[in-house]
Amino acid sequence: MKRVFSGVQPTGQIHLGNYITMKNFVKQQDEKDCLYCVVDMHSITLPQDPETLRKSIIELAALYVAIGLDPNKVTLFIQSQVAAHAELAWILNCFSYMGELSRMTQFKDKSEGKQVVTTGLFTYPVLMAADILLYDTHYVPVGNDQKQHIELTRDIANRFNNRFGEIFVVPEPMIAKVEDGARIMSLDDPTLKMSKSNPNPHSKITLLDSMAQIKKSIMRATTDSEAIIKYDLTEKAGVSNLLTIYSQFSGDSIPSLVEKYEGQGYGTLKKDLVEVVTAELEPIQNKFHQILQSGDIYDVLKQGRNRATEIATPVLDRVKQAVGFVTY
Ligand code: LTN
């Protein structure tokens, strides 16, 4: 059975862009051996408030279940609960190059203009490589923005294998198909990617937004003054973004949506989009609250930690043996 691994950071709120990636997690759970991780160690590469982080870790785990991951089918766990991640990351740090890490665009974006940049932020992609390689992962479902990190993971794995023999499985990215490679853009400024760090609450829709807030964010989304519903990412970025979101939620193709709304105003499109989005998110929110209240999530995470450790331990031993450490 092919293995799938992916991780989400427990920082900020999960927005629609993240959600589309996570829906792809759910799709994999029946045919593949899936491990999904709350990557809390990645989150401390930027400053965090401890109590907020602790709460976000459990909430993200609950959200994983609420969107449809079945704890009896997949392994859900917290990265910092499996020490092998940190151990392998150290070893891989000794096989990664300053030059290649300096070229990571996410590092450049996140470090730009900062007075202090931690080495943790710099080696973030190496920890991500460790996450993936630790489980003999075949496929990694991620958003487009993580492609470069997966490429680096493959480079590190190949480098290690060339030096020591077939130690690692070389993983492949699995990128959710969005029409024309479109990304989910900010609602207030469709030239920017929808982002956790955008301070404007109406720039994004997060999975835990109230229904009223979702309605407000969609109804005030930036469009244009043409009042023609057309899919055109450069000329009509705002309307195209609404169509992309609509299509992701309803499953309708974009051409069929363009046809459906031909001759109608943006108001109708937006009202219907509110319906489609809230109809899907409301039951997810109900389930989310129910899971948190029941306390069952801790059992799920313990079981996940045990299973993850079982898989990771022999892989880590293989690596330790390869580099010349003593294992017994
Ligand atoms: N960098 C990713 C989160 C992440 C991840 C991983 C994704 C950490 N480790 C391993 C896939 C596999 C992000 O910020 N989206």
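Provided above is the structure to which this section pertains.
Definitions and limits used
Residues numbered from 1 in each chain as written. Predicted model: local features only at pLDDT ≥ 70, side-chain atom pairs only at ≥ 80, totals over all residues. Heavy atoms only, no water. Helix = DSSP H or I, 4+ residues; strand = E, 2+ residues; numbered from the N terminus. Core = buried A, V, L, I, M, F, W, Y, C linked by side-chain atoms within 4.5 Å. Buried < 20%, exposed > 50% of the residue type's maximum accessible area, 1.4 Å probe, protein only. Contact = heavy atoms within 4.5 Å. 1 Å grid on protein atoms, 1.4 Å probe; cavity = no way out; pocket = protein on both sides within 12 Å on 5 of 7 lines; lining within 4 Å. Points joined across faces, edges and corners; volume = space filled by probe spheres on them. Near = heavy atom within 4 Å. Polar contact = N/O pair within 3.5 Å; in protein donor to acceptor, adjacent residues only side chain to side chain. Areas by Shrake-Rupley, 256 points an atom, 1.4 Å probe, with all protein chains shown as cover. Arc of directions from axis to C-beta.

Q: Mind showing me how you'd approach unusual backbone geometry here?
A: Backbone phi values are negative for most residues with the exception of glycine, while trans is the configuration of most peptide bonds. Of note, D136 is a non-glycine position whose phi angle comes to about 50°, a positive value. The residue D136 is located in the loop between helix 7 (119-133) and strand 4 (139-142) in this model.

Q: I would appreciate a short explanation of the nonpolar core in the present structure.
A: One broad rule of soluble globular proteins: the nonpolar side chains tend to lie buried together. In this structure, L16, Y36, Y64 and L281 are the most contacted members of the largest nonpolar core, which totals 57 residues. For this core, the leading source of residues is helix 3 (residues 50-66), giving ten residues. With near-sequence residues (within four places) excluded, L281 lies in contact with Y19, I205, T206, L207, M211, I214 and F249. Counting 40 residues, the second-largest nonpolar core is a separate cluster that includes V82, L88, I167 and A312.

Q: Can you walk me through the layout of surface pockets in this structure?
A: Any space left empty among the atoms is revealed by the rolling of a water-sized probe across them. Roughly 230 Å³ of internal volume is contained in the second largest pocket. Lining the second largest pocket, in full, are I20, K23, N24, K27, Q28, M174, I175, A176, K177 and Q248. Those elements giving two or more residues to the lining of the second largest pocket turn out to be helix 1 (16-28) and strand 5 (172-175). When residues in the lining of the second largest pocket are grouped by element, the largest group, five residues, is from helix 1.

Q: Is there a simple way to think about the site of the ligand in this case?
A: Around the ligand sit 13 residues, and of these H42, Y124, M128, D131 and Q146 come closest. One of the side-chain N or O atoms of D131 is found 2.7 Å from a nitrogen atom in the ligand. In the environment of the ligand, a nitrogen atom lies 2.9 Å from a nitrogen or oxygen atom belonging to the side chain of Q146. In isolation the ligand has 370 Å² of accessible area, and contact with the protein removes 89% of it.

Q: Quick question: what am I supposed to make of the environment of L69 here?
A: Its place among the elements puts L69 in the loop between helix 3 and strand 3 (75-78). In contact with L69, not counting residues within four places along its chain, are F25, V26, Q29, Y36, Y64, V74 and L76.

Q: I'm lost on helix 9 (residues 211-219) in this one. Help?
A: The periodicity of an α-helix, 3.6 residues per turn, causes residues three or four places apart in sequence to face the same way. Within the span of helix 9, buried status applies to I214, S217 and I218. Relative to the axis of helix 9, the buried residues are bounded by an arc of 95° and lie together on one face. Lining the buried residues of helix 9 we find helix 12 (266-294).

Q: Just to check I follow, could you spell out the side chain of S96 for this structure?
A: Mapped onto the elements, S96 comes out in the loop between helix 4 (84-93) and helix 5 (98-102). Given the relative accessible area of 13%, S96 is considered buried. Within the structure, the side chain of S96 is placed 2.8 Å from the backbone oxygen of L92, a separation counted as a polar contact. Contacts of S96, omitting those with residues within four sequence positions, involve V126, I156 and R159.

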